[in-house]
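Inside the fold
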Amino acid sequence: MEIKNICCIGAGYVGGPTMSVIASQCPHLRITVVDSNPERIDAWNGPDLNKLPIYEPGLAEVVAEARGRNLFFSKDIDRAILEADMIFISVNTPTKTYGKGKGMAADLKFVESCARQIAAVATSDKIVVEKSTIPVRTASSIKNILTQADGGQPDGQADEQAGGRMGRGINFHVLSNPEFLSEGTAVQDLLKPDRVLIGGDNEEAIQALTAIYAHWVPAERIITTNLWSAELSKLTANAFLAQRVSSINAISELCEVTGADVDEVARAVGADSRIGPKFLKASVGFGGSCFQKDILNLVYIARSYQLHAVADYWEQVILLNRHQRRRFADKIVRTLYDTVSGKKIAFLGWAFKKDTNDSRESAAIYVADALLAEEAEITVCDPRVSSARIYADLDALGSRSPEENRRLLKVEKDPYDTMKGAYAIAVLTEWDEFKMYDWPRIYQNMQKPAFIFDGRRLLDAQKMESIGFDYYAIGG
Ligand code: NAD
Ligand code: UGA
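What you see is a predicted model, and the numbers here were worked out from it, not measured in a lab. (Residues numbered from 1 in each chain as written. Chains lettered and ligands numbered in written order. Predicted model: local features only at pLDDT ≥ 70, side-chain atom pairs only at ≥ 80, totals over all residues. Heavy atoms only, no water.)

**A closer look at the overall build of the protein**
Worth spelling out the cut-off: The way it works is that DSSP assigns letters per residue, a run of H or I at least four long becomes a helix, a run of E at least two long becomes a strand, and they are numbered from the N terminus. Our radius of gyration is a C-alpha quantity, and the globule rule it is checked against amounts to 2.2 Å times the number of residues to the power 0.38. For the exposure calls, accessible area comes from a 1.4 Å probe over protein chains only, and a residue counts as buried if that area is under 20% of its type's maximum, exposed if over 50%, partly exposed in between. By definition, residues are in contact when any of their heavy atoms lie within 4.5 Å.
Scanning the protein from N- to C-terminus turns up 19 helices and 14 strands. In terms of overall size, the protein behaves like a compact globule, its C-alpha atoms giving a radius of gyration of 24 Å where 476 residues would be expected to give roughly 23 Å. Burial analysis of the protein (476 residues in total) assigns 53% to the buried set. Here the contacts in the protein between residues at least 6 apart in sequence split such that 74% fall between residues at least 24 apart.

Structure (structure tokens):
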């Protein structure tokens, strides 16, 4: 199967960077990224590469190289589907907010609508690639949708026996190719992935996708499996990573009451080559669009098979994360003499991690919500997250009216204004530039005693204390 034209449905944090890197590495392929959100497409096509819809180090350079050559961003979804030999589905799969599985299961309505649109529009053979993170066995549903929407056979088994041939004589082959990039390092992760995972049941289709990655990924890093293993591996990888963060965060609380230092514990534990040093940084809690969503999904799947011990085990990773955010907020209130009412508290950072403008599920949102419930007055400064995004995050919680959120929380551009007159500073994101601030000047302009609550263990404790701050880091 020779692939010349690729379409990617979904121009988000995964679709945009992933297709940009494929385009840069494979100039012979023509890649069109489409999205149902026209503003997003306009932003990808915008003249100012510093204003792409997604901020990722190195992304602007990759887009500059390929855009207009073999990388295109388009609103014409039907045409891109029609012309493509291979279609990546890279749409969002958020936690369901309604109906059966509400708050737990993945909402597959966007994936389903892509499958229906492909079936309705396609006139030639297609390889359909699941790039989105989806529940195990979703490929079976996609195959069925492609079949039925196309007027073909309703039974997936029958289609497989017919070699994927559908009602109008079109061959659809479904592959699972989950994405493992992390935000903030997406371009590097895509250029040098630990592995690329391709699951499928059609050897030719697997080879066609393998051949694309083989342009820059060493063969030994391309793993092929059956469909269900690939789908489940993605959920499992995120669950393991999040579990490590919750494990060290659980220990951080123990450190605080025993006098141990969580960074020292992490270093000692991580030096064991069987454990390894990564993902052992204690924090105010993990955020991001995927860890919680994917574990909830895993828990839901386990429960749907009546595997309650399995479900309970993984659910604890989420419960511990919520506890960590909550206890950070509680510590601020307790330390500020049990009341933060009317007190200005400055937040450094809103993004869920450094080097991204993404704030989905950021711990900052939940810490702010808890402090606003105590009538604190919050000022926020984040180098990349817009004030519109910050207010949208808070409004989405529905804890108070949008007017109230804007009255109690102010977004500042200047860090020194953010902290001026504050009773306390809370470090919520580990942006490097925070370390470079003029901390003696900040101390002078704050209420005394001046507290810092470092939810990222970012700042130098000794330096802060020598300036005069009452410095508290999560994990002792
Ligand atoms: P996103 O919300 O940034 O982007 C998804 C895009 O899909 C949106 O722009 C939306 O408008 C578009 N879309 C939705 N339905 C559509 C349709 N029917 N037709 C056309 N466009 C449609 O999401 P994301 O962060 O890129 O994540 C996408 C998937 O990748 C999710 O399943 C996620 O779990 C997974 N994933 C995300 C990351 C990450 O770092 N963000 C990493 C690995 C995997
Ligand atoms: C994560 C995974 O790392 C990716 O492999 C995966 O593709 C992606 O989810 C996804 O499926 O969306 P991402 O959420 O972008 O990537 O970022 P991470 O670096 O994993 O960080 C997640 C959260 O954990 C952040 O809030 C981060 O600050 C926190 N974290 C991470 C810690 O608190 N401590 C650590 O040691 C590591």
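**Some words on helix 12 (residues 291–304)**
For the record, the criterion: The span you would expect from a helix comes to 1.5 Å times its residue count less one.
Here helix 12 is 14 residues long and its end C-alpha atoms lie 20 Å apart, about the 20 Å a rise of 1.5 Å per residue gives. Phe291, Gln292, Lys293, Asp294, Ile295, Leu296, Asn297, Leu298, Val299, Ile301 and Ala302 are the residues of helix 12 that are buried. On its buried face, helix 12 is in contact with helix 10 (227–258) and helix 13 (308–335). Downstream of helix 12 by a residue or two, glutamine 306 has a phi angle that is positive, lying close to 65°.

**Things to note about the site of ligand 2**
To keep things clear, this is the line we draw: A molecule or strand has a residue near it when one of that residue's heavy atoms lies within 4 Å. Two N or O atoms count as a polar contact when they lie within 3.5 Å, although within protein this holds only if one can serve as hydrogen donor and the other as acceptor, and sequence-adjacent residues are included solely when both atoms are side-chain atoms.
Contacts to ligand 2 come from 20 residues, most closely from Phe180, Leu181, Ser283, Cys290 and Arg456. Contact between ligand 2 and lysine 234: an oxygen atom at 2.8 Å from a side-chain N or O atom of the residue. The contact in question runs from an oxygen atom of ligand 2 to an N or O atom on the side chain of asparagine 238, over 2.8 Å. Considering every element that reaches the shell around ligand 2, the biggest residue donor is helix 10, with four residues.

**Some thoughts on the nonpolar core**
Let me state the cut-off plainly: Nonpolar cores are built from buried Ala, Val, Leu, Ile, Met, Phe, Trp, Tyr and Cys residues. Side-chain atoms within 4.5 Å join them into one set.
The biggest cluster of nonpolar side chains holds 56 residues, and the ones touching the most others in it are Phe328, Phe347, Trp350, Leu371, Ile425 and Trp439. At eight residues, the largest contribution of residues to this core is made by helix 14 (residues 363–373). When sequence neighbours within four positions are dropped, the list of residues in contact with phenylalanine 328 reads Val284, Val367, Ala426, Val427, Leu428, Phe453, Asp454, Gly455, Tyr472 and Ile474. Counting 44 residues, the second-largest nonpolar core is a separate cluster that includes Leu29, Ala186, Leu209 and Ile222.

**Brief notes about the packing of helix 10 against helix 11 (residues 262–270)**
Stated formally: Between N-to-C directions, angles cover 0 to 180 degrees, with each direction set by a line fitted to C-alpha atoms, over the stretch in contact for helices. Roughly parallel means an angle under 35 degrees; roughly antiparallel, over 145; roughly perpendicular, 65 to 115; everything else is oblique. With the far helix as reference, a near helix turned anticlockwise by less than a right angle produces a left-handed crossing, and one turned clockwise produces a right-handed crossing. Three categories are distinguished: nonpolar for Ala, Val, Leu, Ile, Met, Phe, Trp, Tyr, Cys and Pro, charged for Asp, Glu, Lys and Arg, and polar for the others, with Gly belonging to the last.
Close contact between helix 10 and helix 11 brings their axes to 9 Å; oriented N to C, the two are set at 130°. Between helix 10 and helix 11, the angle is such that the two are oblique. Helix-helix and strand crossings are classified by hand; for helix 10 and helix 11 the assignment is right-handed. Each of Ile248, Ile251, Ser252 and Cys255 in helix 10 lies in contact with helix 11, whose residues at this interface are Val262, Val265 and Ala266. When its residues are assigned to classes, the contact of helix 10 with helix 11 shows six nonpolar, one polar and no charged.

**Digging into a nonpolar patch on the surface**
Worth spelling out the cut-off: Patch membership requires more than 30% relative accessible area and the absence of a salt bridge. Residues of like charge join within 9 Å; the nonpolar side chains Val, Leu, Ile, Met, Phe, Trp and Tyr join within 5 Å. Note that accessible areas follow from Shrake-Rupley with a 1.4 Å probe, and for residues the cover is restricted to the protein chains shown. Counted as salt bridges are all cases of a side-chain nitrogen of Lys or Arg within 4 Å of a carboxyl oxygen of Asp or Glu.
Taken together, the side chains of Ile251, Leu254 and Val257 present a nonpolar region at the surface, about 280 Å² in accessible area. Take leucine 254: it is sitting in helix 10.

**Focus: the site of ligand 1**
Surveying the vicinity of ligand 1 reveals 27 residues, the closest of which are Asp35, Arg40, Thr93, Glu183 and Lys293. One of the backbone nitrogen or oxygen atoms of tyrosine 13 is found 3.0 Å away from an oxygen atom of ligand 1. A distance of 2.5 Å separates an oxygen atom of ligand 1 from a polar atom in the side chain of threonine 93. The protein chains hide 91% of the 830 Å² of surface that ligand 1 would expose on its own. Top contributing element to the shell around ligand 1 by residue count: helix 5 (residues 109–121), with three residues. Taken together, the residues of the shell around ligand 1 sort by class into nine nonpolar, 11 polar and seven charged.

**Comments concerning unusual backbone geometry**
Residue proline 449 follows lysine 448 across a cis peptide bond; omega there is -5°. Looking at the secondary structure, you find proline 449 in the loop between helix 18 (439–444) and strand 13 (451–454). A positive phi is found at arginine 137, a non-glycine position, where the angle reads about 85°. Take arginine 137: it is sitting in the loop between strand 5 (126–130) and helix 6 (138–149). Of the residues examined, arginine 137 reaches a relative accessible area of 41% and is grouped as partly exposed. A positive phi angle, close to 60°, is found at phenylalanine 279, a residue other than glycine.

**Regarding the pattern of salt bridges**
What the rule picks out here adds up to 26 salt bridges. Note that aspartate 312 is salt-bridged to arginine 303, the shortest N-O span being 2.8 Å. Residue glutamate 404 is joined to arginine 407 by a salt bridge in which the shortest nitrogen-to-oxygen separation is 3.0 Å. Remark: arginine 407 and glutamate 404 occur in helix 16 (residues 402–408); sequence separation between them is three residues, near one turn of the helix. Residue glutamate 404 is classed as partly exposed on the basis of its relative accessible area, which comes to 28%. A relative accessible area of 51% means that arginine 407 is categorised as exposed. One salt-bridge network, held together by shared partners, links Asp261, Asp263, Lys281 and Arg457.

**Overview of the packing of aromatic side chains**
This is how the line gets drawn: Aromatic pairing here means that ring centres of Phe, Tyr or Trp (its six-membered ring) are within 6.5 Å. Orientation follows from the plane angle: under 30 degrees is stacked, over 60 is edge-to-face, and everything else is tilted.
Taken as a whole, this structure holds 15 aromatic pairs when the rule is applied. Where phenylalanine 347 meets tryptophan 350, the ring centres are 6.3 Å apart and the plane angle is 35°; that geometry is what we call tilted. Aromatic pair tyrosine 443 and phenylalanine 469: ring centres 5.1 Å apart, planes at 80°, arrangement edge-to-face. With tyrosine 443 in helix 18 and phenylalanine 469 in the loop between helix 19 (461–467) and strand 14 (470–473), the pair connects residues that are 26 residues apart, well separated along the chain. We classify phenylalanine 469 as buried; its relative accessible area is 3%. Members of the aromatic cluster, connected to one another through ring pairs, are Tyr416, Phe434, Tyr437, Trp439, Tyr443 and Phe469.

**Regarding the environment of glycine 103**
Note that glycine 103 resides in the loop between strand 4 (86–89) and helix 5. The spacing of glycine 103 and tyrosine 300 is 197 residues in sequence and 9.5 Å in space, taken between C-alpha atoms. Not counting residues up to four positions away in its chain, the partners in contact with glycine 103 are Thr95, Lys96 and Leu296.

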